[in-house]
Each structure stands twice: as structure tokens, then as C-alpha cells.
Amino acid sequence: MSIDLIPWARPQFEAGGGDALLFFALYGEFLSSIELSGETYRTAGVPEGIDIRKLNRSQTAEYPFTSGAIGPLLRPEQPDLFAQIRGVPECLIIQGSISDPPDLNYLRDTIGVATYFVDHGGVAIIDPQQFKLYAPEAWRKEIFQPQPPDLGNHVVILLSDEPSGGRWFHTRGLRKFGRPDLSMHKVPPHYERAVIEMFNHFILFQAEGGRIGEGENVRLPSLPPGLSCHHGGRHDDPTYNNVHIEVRWP
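Described below are features of the structure shown in this document.

Calculation notes
Residues numbered from 1 in each chain as written. Predicted model: local features only at pLDDT ≥ 70, side-chain atom pairs only at ≥ 80, totals over all residues. Heavy atoms only, no water. Salt bridge = Lys/Arg side-chain N within 4 Å of Asp/Glu carboxyl O. Buried < 20%, exposed > 50% of the residue type's maximum accessible area, 1.4 Å probe, protein only. Axes fitted to C-alpha atoms, helices over the stretch in contact; angles between N-to-C directions. Helix = DSSP H or I, 4+ residues; strand = E, 2+ residues; numbered from the N terminus. Parallel < 35°, antiparallel > 145°, perpendicular 65-115°, else oblique. Left-handed = near helix turned anticlockwise from the far one by under 90°. Contact = heavy atoms within 4.5 Å. Nonpolar A, V, L, I, M, F, W, Y, C, P; charged D, E, K, R; others polar. Pairing = 2+ DSSP bridges. Phe/Tyr/Trp six-rings, centres within 6.5 Å; stacked < 30°, edge-to-face > 60°. Lys NZ or Arg CZ within 6 Å of the ring centre and 35° of its normal.

This model, assessed by the stated rule, comprises 10 salt bridges. Close ionic contact of R108 with D109 constitutes a salt bridge, the shortest N to O distance being 2.9 Å. By relative accessible area, R108 is classed as buried at 7%. A salt bridge links D161 to R167, with the nearest nitrogen and oxygen atoms 3.1 Å apart. Residue class for D161 comes out exposed when judged on its relative accessible area of 61%. Each of D161, R167 and E192 takes part in salt bridges that share partners, so that together they form one network.

See the structure below:
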């Protein structure tokens, strides 16, 4: 039976962007048989290009993201939940890429599949591209339930103090949409809100398929004139797990 699913469109789509990368890790104990309702979970199934692997303790003593570089970042936020995932018997990895997708149906379908597993044996899910650990209720509220989707919930804006003054703002998560992440250095306090506003605009624009050109100027009344966008980086850069756009001061 065919399912009438609401499309997740990309109204700003311009071809020639990068490939979308999805990566989620689920922790718990999962049934071998799968009876997934596409209507209930708003999914047409596992998209082409996305794979699902199940790991157990006989295969590996440590599951992805429970140790190494990401683990210490996740543990302080939810120590009890993090301790719980370190003791679960199984881990599901949902991972793959979609070539320059003209719509976001691949994301809708993958989220639906992941939510099915969250509801059937999952105790937590990690989005490593955002450095984020979700309990089931948080995943449903932030990621699955919004319709139309809240695309900003798939990207995080991070900030840190810089030795020479100001703060460094940058994002993680835009590779889910096949688009570069964002960076801006030496942001003084009186421009922080404006930079967040600019980042949120660029996040939505790119998630909806738009592309930011090399050297493109930023025109925002709350920021000084002359800001410009410049592409750089590599996909194996651990700061972003992606290429990025540096917004430069005049």
C-alpha cells in the first residue's frame, strides 16, 4: 500500500552543492523482527545510500561515541543517560550519504526509521554531527514531532572565547544538508546577537538548498557593512566534520 507522505521540500535548492551525510547512533536492545508503519513514523523506508548496522558486545567492547573525543563532551550534559548507554547490550548505526539532494525526503525517512528504533528498544540516540545526546522524549519533541520540520534543530551553534578577545562562533550539522558549516572569529559582545541572527538565516537558507557564493557580501542592518563569505576547510576537519564558510570582517 502506498503512503501519502508530506514532502520535505527545499524551496531554495540550487544544484551543485555537496552530498548530504547522515550519521546517528542508537543504544539499547533491539528486536530482530521489524514491523515499521510508514504512516505512523512518516517514512518511506530506509533511503538509498543509507545503511543500518547492529553492533553487540561480542563484536566490540566500546560502542561509538561512548569514549574517545566525543564522549567527554556528552557526559557532563546528561551523566545518568550517558552512563546508561555505556551498559546497553546493542548499538545501531544509521549512516550514509545522499548525492546533492533536491529535497529533504531522505532526512524525513531516516528520522522516521530512527524514531521507530527509539520506540522499540532504544534508550538514547547520539547525533555526532551536533555533539548531542538525546533521551527518547527529547528526540521525539525536537526532531521527530515538528511538522513542518524545524531544520534549525539539526544544527548547533557553538561559541568559545578567543585569546585575543571576542568570541569564535561556528556551527556543526550542516553536512546533513550537503552544505558547508559556518564560522566567524573575534565577535565582540555587542555583535553577538546579530551574528547568531545571521547564522540562523544562513542555516535555514542552506538547509532549504540555497548556496552561498565565494566572496558573497553579508547585508544585515545589525552588522557593519563589508562582511564577506569565503569557502575553506576539508571534510575531515574534526572541528566541523565538514567544509565551512568563514565570515570575515571588513
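Relative to each other, helix α3 (residues 105–119) and helix α4 (residues 136–144) sit at 160 degrees, their axes nearing to 10 Å. Compared by their axis directions, α3 and α4 come out roughly antiparallel. With respect to the hand of their crossing, α3 and α4 are arranged in left-handed fashion. Along its contact with α3, which presents I111, G112, A114, T115, V118 and D119, the element α4 presents P136, W139, R140, I143 and F144. Taken together, the residues of the contact of α3 with α4 sort by class into 7 nonpolar, 2 polar and 2 charged.

We now examine the sheet that holds strand β5 (residues 132–134). Strand pairing in a sheet takes place through backbone hydrogen bonds and is either antiparallel or parallel in direction. Strand order in the open sheet formed by 5 strands is β2-β3-β1-β4-β5, and the pairing between neighbours is antiparallel. Each of the sheet's edge strands pairs with one partner strand only, and the pair in question is β2 (50–56) and β5. Mean inter-strand twist for the sheet, computed between neighbouring axes without regard to direction, equals 20 degrees. Note that strand β1 (residues 20–28) and strand β3 (residues 90–98) share 9 bridges and pair antiparallel. The residue bridging Y27 from the neighbouring strand is C91, located in β3.

Turning to the packing of aromatic side chains, a few remarks are in order. Evaluated as defined, the whole model comprises 8 aromatic pairs. Ring centres 5.6 Å apart and planes at 85 degrees place the aromatic pair Y41 and Y116 in the edge-to-face group. Within this pair, whereas Y41 is found in the loop between β1 and β2, its partner Y116 is found in helix α3, the two being separated by 75 residues in sequence. Like Y41, the residue Y116 is buried in the burial classification. When the ring of Y134 is compared with that of W139, the centres are 5.4 Å apart and the planes differ by 85 degrees; the resulting orientation is edge-to-face. Neither Y134 nor W139 differs from the other in exposure class; each is buried. Through successive ring pairs, a cluster of aromatic residues spans F30, Y41, Y116, F117 and F144. The ring of Y63 carries R57 above its face, with NZ or CZ at 4.0 Å from the centroid.

A word on the sheet that holds strand β8 (residues 181–187). Pairing is mixed in the open sheet, where 5 strands are placed in the order β6-β7-β8-β10-β9. Two strands in the sheet have a free side with no partner beyond their single neighbour: β6 (156–161) and β9 (228–232). For this sheet, the mean angle separating the axes of adjacent strands, direction not counted, is 25 degrees. Packed onto the sheet, helix α5 (residues 192–207) meets β6, β7 (167–172), β8, β9 and β10 (244–248) and runs at close to 170 degrees relative to β8.

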